Amino acid sequence: MPAALITGASTGIGRELADLAARDGYDLILVARSEELLERVAADLRQKWNRSVFVIAKDLTHREAAAELFEAVQQQAVDLEVLVNNAGFGLLGKFWELDVNEQVGMVQLNVAALTALTRLFLPRLIERRRGMIMNIASTAAFQPGPLMAVYYATKSYVLSFSEAVHNEAKDF
């Protein structure tokens, strides 16, 4: 069966996208930091849709996490057809007052991990001439965001990057 990998799948938009993908016949690979939450979501989706659901607890704010996730998926022997880069977070406050490490972690998750996962999985989808990558941005991508400067900037990156890669890969 084709599979969909969804990051940030334990709550919110990611959780809902996992439900929709299972409903549409995809087996799932669910990724988020909390294994406990992921296991609850997985159990619910297995019962509701009778789909195979794999759980990978991974904190994508760590630089090496995208490559580790890619390797873990390669070992699952699944037919990955959909990648949803949904994981992300924002911080509210004045840029110079927010913790620098948290802001750099936000860039790592919202930009670097998304970029790395897209780069790692896209060649296989192109080779097969089938598949989809959905990078979740926000309406924040369309304007500057005082009191959320880094978050808005990361979402602008996601939009611009996604449109460019789509243009490059559309013939495949």
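We now turn to the structure provided with this report. Within each chain, residue numbers correspond to sequence positions counted from 1 in written order. The predicted nature of this model means local features are confined to residues of pLDDT at least 70 and side-chain atom pairs, given and counted, to a pLDDT of 80 or more, with totals for whole chains, interfaces and linings taken over all residues. The side-chain quantities take in all heavy atoms of the structure and omit both hydrogens and water.

## Section: the environment of phenylalanine 172
- One can find phenylalanine 172 in the segment after helix 5 (149–169).
- Three labels apply to residues, based on accessible area from a 1.4 Å probe with only protein chains included: buried if under 20% of the type maximum, exposed if over 50%, partly exposed otherwise in between. Relative accessible area serves as the criterion here: at 45%, phenylalanine 172 is assigned to the partly exposed category.
- Separated by 44 residues in the primary sequence, phenylalanine 172 and arginine 128 have C-alpha atoms spaced 8.7 Å apart.
- Apart from residues no more than four positions distant in its own chain, phenylalanine 172 is found in contact with Ile126, Arg129 and Arg130. Numbering of helices and strands runs from the N terminus; a helix is a DSSP stretch of H or I covering at least four residues, while a strand is a stretch of E covering at least two. By the convention used here, residues are in contact when the closest approach between their heavy atoms is within 4.5 Å.

## Describing the sheet that holds strand 1 (residues 2–7)
- Strands pair, by our definition, only if DSSP identifies at least two bridges between them. With parallel pairing, five strands are arranged side by side in an open sheet as 3-2-1-4-5. Two strands lie at the open edges of the sheet, namely strand 3 (53–57) and strand 5 (132–135), each paired on one side alone. Strand after strand, the sheet turns through a mean of 15° between neighbouring axes, direction not considered.
- In terms of strand pairing, strand 1 meets strand 2 (residues 27–32) through five bridges, oriented parallel. If you follow alanine 3 over to strand 2, its bridge partner there is aspartate 27.
- For helices, the fitted line uses only the C-alpha atoms of the stretch in contact; every axis is such a line through C-alpha atoms, and the angle between N-to-C directions lies from 0 to 180 degrees. Packed onto the sheet, helix 2 (residues 35–49) meets strand 2 and strand 3 and runs at close to 170° relative to strand 3.

## Notes on unusual backbone geometry
- Notably, asparagine 50 is not glycine yet its phi reads approximately 55°, a positive angle.
- Inspection of the secondary structure assignment puts asparagine 50 in the loop between helix 2 and strand 3.
- Judged by its relative accessible area of 68%, asparagine 50 is exposed.
- We note that arginine 129 has phi near 60°; this positive angle belongs to a residue other than glycine.
- For arginine 129, the position within the fold is in the loop between helix 4 (100–128) and strand 5.

## Side note on the nonpolar core
- What we call a nonpolar core is a set of buried Ala, Val, Leu, Ile, Met, Phe, Trp, Tyr and Cys residues that are connected through their side-chain atoms within 4.5 Å. One finds Ile6, Leu28, Leu30 and Leu45 to be the most contacted residues of the largest nonpolar core, which totals 19 residues.
- At the level of elements, strand 1, helix 1 (12–23), strand 2, helix 2 and strand 4 (79–85) are the ones that each hand at least two residues to this core.
- In contact with leucine 45, not counting residues within four places along its chain, are Arg15, Ala18, Asp19, Leu28, Leu30, Asn50, Arg51 and Val53.
- Membership of the second largest hydrophobic core comes to 18 residues, among which are Leu5, Ile56, Ala66 and Leu80.

## Considerations on the side chain of threonine 118
- Structurally, the position occupied by threonine 118 is in helix 4.
- The exposure class of threonine 118 is buried, given its relative accessible area of 3%.
- A distance of 3.2 Å separates polar atoms of two side chains, one belonging to threonine 118 and the other to asparagine 85.
- When near neighbours in sequence (up to four residues on either side) are disregarded, threonine 118 contacts Leu83, Asn85, Pro123, Ile133, Asn135, Phe161 and Val165. By the criterion applied in these results, polar contacts are pairs of N or O atoms within 3.5 Å in which, for protein atoms, one can donate a hydrogen and the other can accept it, and in which residues neighboring in sequence qualify only through two side-chain atoms.

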